[in-house]
2 protein chains.
Amino acid sequence: MTKPHASDPRRTLTLRDVSEASGVSEMTVSRVLRNRGDVSEATRERVLEAARSLGYVPNKIAGALASQRVNLVGVIIPSLSNMVFPEVMTGISEVLEDTGLQPVVGVTNYSPEREEAVLYEMLSWRPSGVIIAGLEHTPSARAMLENAGIPIVEIMDIDGTPVDSAVGISHRRAGRQMAEAILAAGYRRIGFLGTKMPEDHRARKRYEGFVEALAEAGVELADQEFYSGGSALLKGREMTEAILKRTPDLDFLYFSNDMIGAGGLLYCLDKGIDVPGTLGLAGFNGVELLDGLSRKLATMDACRKEIGRRAAEIVAGKHEGIIGGEVVELTPTLEPGDTIRRV
Amino acid sequence: MTKPHASDPRRTLTLRDVSEASGVSEMTVSRVLRNRGDVSEATRERVLEAARSLGYVPNKIAGALASQRVNLVGVIIPSLSNMVFPEVMTGISEVLEDTGLQPVVGVTNYSPEREEAVLYEMLSWRPSGVIIAGLEHTPSARAMLENAGIPIVEIMDIDGTPVDSAVGISHRRAGRQMAEAILAAGYRRIGFLGTKMPEDHRARKRYEGFVEALAEAGVELADQEFYSGGSALLKGREMTEAILKRTPDLDFLYFSNDMIGAGGLLYCLDKGIDVPGTLGLAGFNGVELLDGLSRKLATMDACRKEIGRRAAEIVAGKHEGIIGGEVVELTPTLEPGDTIRRV
DNA sequence: CTGAAAGCGCTAACAT
DNA sequence: ATGTTAGCGCTTTCAG
């Protein structure tokens, strides 16, 4: 076997190298590098100088194993490509920045199996906490979350039973609220346009709440249309054309997200359809991205950034009084924009 | 001191727990869980059963320390919120999926200092490779990359000197190419609209290439306008209004990205400006997101997904023949869309 | 095919 | 203020 710390030039530097270069014990070097414990200014300088000139980068793997502490927070989300999760991430990052914790993102593509795998992988790094989208998980994933022994925050949705803490909105209620606003504005021939995603439980709950509230007013969905894949804007356009062709007397279209809603709006403007007179439109999410369209689509803000912030605060233990099991319900606000008739 | 493995119910499970539960040595348990070495079918079963029923999740921290191997690839990008990097991520993920490697994302918000900090943090976890956007880094960051002793791939841009490997396009050339196409179509009074981001070197290089190529044809930029922050679509609209008010005889607007370009296009359509007759428009990126506008904006595909794929392949060592220092130049294609006059 | 011993690079806990 | 010792939980290596 080779001597310990043989002069292999490709080996990465260790604390020991810094210790030797500075003539200070490994332990003291460690203290300096972590700003822990009292170290004289003189030795601190020498150590930092040595570390810098060698280009030493601490090995967190060893540090984490020894200290049983990992400054990582796992964040598990379905997708990065729809504008909603990046905003959640922004909220999370903002809060974690001052805590020494670092978010690590995993993406599931709305697949429960993938979610389970990503979670397993993450937990195997023993993070300090997990923030995960949604309340629906495989039994196995749920068991892992329950047994992880760290703060777990399920985000976006509160219609269900969380493993530990939850921060989000009631999508069922959001759907109801939109239905009520639409009915109040006098629309009655209402169509729904959404995604073909059985695993998007939040969209599903909005749909259910929407239909429920219509039913209570004795109104049934006049038609519906679903899509999957492709550019959402374009799909919104195509679906709108299709549903209007099939059911020309619709007076309102409720889209399950703002992007397809915007596509629908653009279609209507191109066709010279009177919005919101002849046809009202609404989406969901409140994506700032779309500010700049000629007409502002009615929508409902999903409190994305705030959800990220609150979840991060819980993981970071900013609510010392509470041990966990906190449920934070945020209230989305309806933004009527220019596509619902004012009454 | 407490006994080793005292019955603390909150302690996370170790290999030893599985070993005891299955009556097999830790070593053999480890072999089963990693599918390494020969293990009889009988013991394999027993071990897996024990691990499953206990809910054991391996500790990768310990594993990584012992094996000196980490299946993580650091990916450092400026932003998640502009549609270009999520696509790069998709390419990376697709390739890494079959390699056992896992991407870990760090975001710099276009700040060199933040980039340095994120890189340091990442390297301290000893990843198997790093994929990082751009060729411009702080001296300290560059030194870290050079000394990391792992594959480094700088992506998006190849106008410069890479630390190790690089995959991207020449933004300078992309700018030139667009200028040439615009000139060829007969436009002469050309305005530029971009972001106020000194650290977005790729946008800067496109601008430089663009201006250079104009100069060679004896044409100067007639006007320019810069923005920062806010909804890109809206900003594009506002900037377009501003620049046209100031310099009404412009016959072409070159936008530094598709989102502000789309804002400009919407503005022109609203105002009834004849596009591309009176005024031509072009952006950059080729974001699929915008398919669905009434008119397709001229743009240039930045090969985002392909860049991600190629970078991941290099990190994963799929090009065994080559030791590193590979530079892959991709060629963006001009998509004239409906906003440049056909000649 | 299975097991025992020896660390990986660091830090907690205890000296001094 | 600084040093010493003993692991953290796993895998490598070497014996059976």
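Everything numeric in this text was worked out from a predicted model, so none of it was measured.

A.B. asks: I keep staring at the relation of the copies chain B and chain A and nothing clicks. Help me out?
C.D. replies: For the pair of chain copies, the relating transformation is a rotation about an axis with a translation along it. Rotating chain B by 180° and moving it 0.0 Å along the rotation axis overlays it on chain A with an RMSD of 0.1 Å. One copy is carried onto the other by what is essentially a two-fold rotation axis. Scanning chain B for the C-alpha nearest the rotation axis identifies I61 of chain B, at a separation of 2.8 Å. Take the interface residues of chain B: 100% of them recur as interface residues in chain A, which is what a same-surface contact looks like.

A.B. asks: When you look at the protein's contact with DNA strand C in this model, what are you seeing that I'm missing?
C.D. replies: As a matter of local geometry, DNA strand C sits amid 24 residues, with L15, S30, Y56 and R69 of chain A together with R31 of chain B nearest to it. Expressed as a percentage, the sugar and phosphate content of the atoms of DNA strand C within 4 Å of the protein is 68%. Contact between DNA strand C and S40 of chain B: a phosphate oxygen at 2.8 Å from a main-chain N or O atom of the residue. Breaking the surface near DNA strand C down by element, the ones donating at least two residues are α2 (26-34) and α4 (60-67) of chain A together with α2 (26-34) and α4 (60-67) of chain B. The biggest single contributor to the surface near DNA strand C is α4 of chain A, with four residues. For the surface near DNA strand C, the residue count by class is 10 nonpolar, 10 polar and four charged.

A.B. asks: Explain the interface of chain B and chain A here, please?
C.D. replies: Facing the 45 residues of chain B at the interface are 45 residues of chain A. Roughly 4,300 Å² is buried in total at the junction of chain B and chain A, and carbon and sulfur atoms are behind 63% of that figure. When residues of chain B are sorted by the area they lose upon contact with chain A, I61, W125 and R126 of chain B head the list and together hold 16% of the total. Between chain B and chain A we count four salt bridges in total. Its salt-bridge partner being E121 of chain B, residue K60 of chain A comes within 3.1 Å of it at the nearest N-O pair. At the junction of chain B with chain A, the criterion picks out 21 residue pairs in polar contact (both at pLDDT 80 or more).

Thresholds, definitions, all that
Sequence order sets the numbering: in each chain, residues are counted from 1 along the sequence as written. Chain A is the first chain written and ligand 1 is the first ligand written, with later ones labelled in order. Two thresholds apply to this predicted model, a pLDDT of at least 70 for residue-level local features and 80 or more for giving and counting side-chain atom pairs, whereas whole-chain, interface and lining totals are computed over all residues. Think of the side-chain values as coming from all heavy atoms in the structure, minus any hydrogens and water. We place the copies in one frame by least squares, fitting the C-alpha atoms of every residue whose pLDDT is at least 70 in both. The criterion used for residue contact is that any of the two residues' heavy atoms lie within 4.5 Å. For this description, a residue counts as near a given molecule or strand if any of its non-hydrogen atoms is within 4 Å of it. Here a polar contact is taken to be a pair of N or O atoms separated by no more than 3.5 Å, where protein atoms must pair a possible hydrogen donor with a possible acceptor and residues adjacent in sequence count only if both atoms sit in side chains. For the purposes of this entry, the term helix denotes a DSSP run of H or I that reaches at least four residues, the term strand denotes a run of E that reaches at least two, and both are numbered from the N terminus. Each residue is assigned to one class: nonpolar for Ala, Val, Leu, Ile, Met, Phe, Trp, Tyr, Cys and Pro, charged for Asp, Glu, Lys and Arg, and polar for all the others, Gly among them. When two parts are put together, the accessible area they lose, computed with a 1.4 Å probe and summed over both, is reported as buried area. A side-chain nitrogen of Lys or Arg and a carboxyl oxygen of Asp or Glu constitute a salt bridge if their distance falls within 4 Å.

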